[in-house]
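Summary of the model geometry
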Amino acid sequence: MFKRIEEDRRRAVEIFVEGQSVTAREGDTVAAALLASGLDVRRSTAVSGAPRLPYCMMGVCFDCLVTIDGMGNRQGCLVPVREGMRIEIQKGKREIGR
Amino acid sequence: MTSIPQRDAYDVVVIGAGPAGLAAAALTAGAGLATLLVDENMGPGGQVWRAITTTPVKEKRLLGDDYWAGQRLVDDVRASGAEILQRATVWSLDRTLEVGLSIDGGARLVRAKRIILATGALERPFPIPGWTLPGVMTAGAAQTMLKSSGLLPQGRVVVAGQGPLLWLLSAQILRMGGMIDLVLDTADRRNRLRALPHLPPFLTSPYFFKGLAMMREVRARTQVVGGVTSLAARGSGRVEALAYEAGGRRSEIPVDVLLLHQGVVPNVNLAMAAGVRHRWDDVQLCWVPELDERGESSVAGIHVAGDGAGIGGASVAVHRGRIAARAVIEALKPEAGLALADHATLASELARAERGRAFLDVLFQPARQFRIPADETVVCRCEEVTARDIRESVALGATGPNQLKAYRRTGMGPCQGRLCGLTVTELMAEARGRTPAEIGYYRLRAPVKPITLAELASLPKGEDATKAVVRG
């Protein structure tokens, strides 16, 4: 859905999306890194299970909810990527205990 | 920059590090007031100067001069002695001026003698059929990714809506080598006549030439269709096509990324939760806080500056930030206030920055059908409630947005009404034959952003608090 500009010289950061290695850049938010990854990163809603992707990218819409390092319902657009971060696409409601 | 607040109490807490917050915090800290500037993002700049200290887009002409103008304010605040806290989410503010904030999973409460709310704007809801489909985003979202990560939308890209940001984003995407298949302009042509009385000051404002140049730049490089009166995104599992109507002709085009925008409105959640009185603005079609000429709200000690006080744009926000800061300095440290420009000077600078806005406000009033959608359109994205659900609830007796929560849970999802509130107010007002002011808005309460119980439990607690809940 999105591609990086060539002049981007930021340091590479490796994250894992559903166990798969993805190269993000330092300063990316989780949501931006997911949209740039080329992977199918659609979550599904808690109410009807409909597929969604981030809508506002500024902390307002909560359509970027994602599980980060085992913790669910994080706003992916507000969290910067960190080396080795583990990301799971959230399907439906956040599970108890994560 | 610190990672937790260094004190429990400050003279001033400024919430939001966009144009207004940066300008305000630089002044109050410069005057010697203990100032905490808290902001939810990774770096200062707000949305308009998003990622200004870290953007990978280094070539200045790509993002434009108005973007880089923010650097000076960031430098000023960093030199001012203000304590700056990034990635801090404020979830509570009350009449006693206690601020609840959360950083990296830990919560803190800090007290302030004065608060300057600079929470800025968010994009007006744009409820069209299919706006929840993956691949449909706001123009602001695309701009955020462009500024902070150098990301360009890929595939068949359509930009639809109206207002200055729509043209700016399109110009930026094209300058950076991105492709836009089509720009659909939904600006209501009937507004032109109504805006005419406001034209003279607009013609002598910077908006005029900048706006014309930007529109020319976009038109030279991509197809633009004006007079668009309906939009509907379609697709199974993701957006695949966009149907639209312009000048009575219906068309449908394939699309991979659809970017929507129809202006911005004040982000009022925190101010409303703090009890600040708001009024409905009949021109900007949104809620704005009731403020005196120095930006002080109906809650003593809480000032509101920037687009959160009513949409005016970045340069107006800077001036409002300075006015609020001056009022705070005058109240807390009058001798430091003497060194600053007086209120009349600041007010005339503000008036100059506001020149031309009245024209834009009327010209870019979104048409009714893009604010009050047809029955099948989703209004509340979180709880997946349609316009039909809401109209049926009104028929059953729901009188306003608060009662509607009990009927349909609108506004009770994680976004807390930010993406449906204005639509719900206008839709219910129309259905009941009342004004938006009579219908009102959701009653907002803390926490205005979700926090975990663990974060709440991590609040430092004194002996009294412990005794209050521990038995025996």
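The structure this text deals with has already been given above.
The text that follows walks through the structure, step by step, so that each part is easy to find.

Calculation rules
- Residues numbered from 1 in each chain as written.
- Chains lettered and ligands numbered in written order.
- Predicted model: local features only at pLDDT ≥ 70, side-chain atom pairs only at ≥ 80, totals over all residues.
- Heavy atoms only, no water.
- Helix = DSSP H or I, 4+ residues; strand = E, 2+ residues; numbered from the N terminus.
- Buried < 20%, exposed > 50% of the residue type's maximum accessible area, 1.4 Å probe, protein only.
- Contact = heavy atoms within 4.5 Å.
- Polar contact = N/O pair within 3.5 Å; in protein donor to acceptor, adjacent residues only side chain to side chain.
- Buried area = accessible area lost by both parts, 1.4 Å probe.
- Salt bridge = Lys/Arg side-chain N within 4 Å of Asp/Glu carboxyl O.
- Nonpolar A, V, L, I, M, F, W, Y, C, P; charged D, E, K, R; others polar.
- Expected span 1.5 Å × (residues − 1).
- Pairing = 2+ DSSP bridges.
- Axes fitted to C-alpha atoms, helices over the stretch in contact; angles between N-to-C directions.
- Phe/Tyr/Trp six-rings, centres within 6.5 Å; stacked < 30°, edge-to-face > 60°.

Residue position: A:D28 is located in the loop between β3 (20-25) and α1 (30-36). Its relative accessible area of 0% is what places A:D28 among the buried residues. With 15 residues separating them along the chain, A:D28 and A:V13 place their C-alpha atoms 9.1 Å apart. The residues touching A:D28, leaving out its near neighbours within four places in the chain, are A:R4, A:R10, A:A33, A:V79, A:P80, A:V81, B:M42 and B:S149. Among the polar contacts listed, one links the side chain of A:D28 to the side chain of A:R10, at a separation of 3.0 Å.

What follows deals with the interface of chain A and chain B. Chain A puts 40 residues into the contact, and the matching count from chain B is 48 residues. Buried area between chain A and chain B, both sides added, is near 3,800 Å², and the carbon and sulfur share of it is 61%. Inspection of the region where chain A meets chain B yields one salt bridge. Between B:R381 and A:D63 there is a salt bridge, and its shortest N-O distance comes to 2.6 Å. Here the residues of the side of chain A that touches chain B are counted per class, giving 23 nonpolar, six polar and 11 charged.

This part covers helix α1 (residues 19-30) of chain B. All names here are of chain B. Spanning 12 residues, α1 covers 17 Å between terminal C-alpha atoms, matching the ideal 16 Å at 1.5 Å per step. α1 sits mainly inside the fold: 10 of its 12 residues count as buried. Every buried residue of α1 is listed here: P19, A20, G21, L22, A23, A24, A25, A26, T28 and A29. Contact partners of the buried residues in α1: β1 (9-15), β2 (35-38), α4 (70-79), β6 (106-117) and α11 (314-332). Positive backbone phi, approximately 90 degrees, marks G32, located one or two places after α1.

Another point: the sheet that holds strand β15 (residues 249-254) of chain B. Residue and element names in this part refer to chain B. The strand order across the open sheet built from three strands is β13-β14-β15, with neighbouring strands paired in antiparallel fashion. Edge positions in the open sheet fall to β13 (228-234) and β15, since each of these has one partner strand only. Neighbour-to-neighbour, the strand axes of the sheet open up by a mean angle of 20 degrees, direction not taken into account. Sheet topology note: the strand β14 (residues 241-246)/β15 ladder contains six bridges and is antiparallel. Pairing of L242 across the sheet is with I253, part of β15.

Residues and elements named next belong to chain B. Taken as a whole, this structure holds nine aromatic pairs over all chains when the rule is applied. Taking 5.8 Å as the distance between ring centres and 75 degrees as the angle between the ring planes, the aromatic pair formed by F202 and F208 counts as edge-to-face. Taking the relative accessible area as the measure of exposure, F202 reaches 9% and is therefore buried. Arranged with centres 5.1 Å apart and planes meeting at 75 degrees, the rings of W280 and W287 form a pair that is edge-to-face. A relative accessible area of 8% means that W280 is categorised as buried. Cluster of aromatic residues (ring-pair linked, three or more members): F202, F208, F209 and F359.

That is the geometry; function is a separate question.
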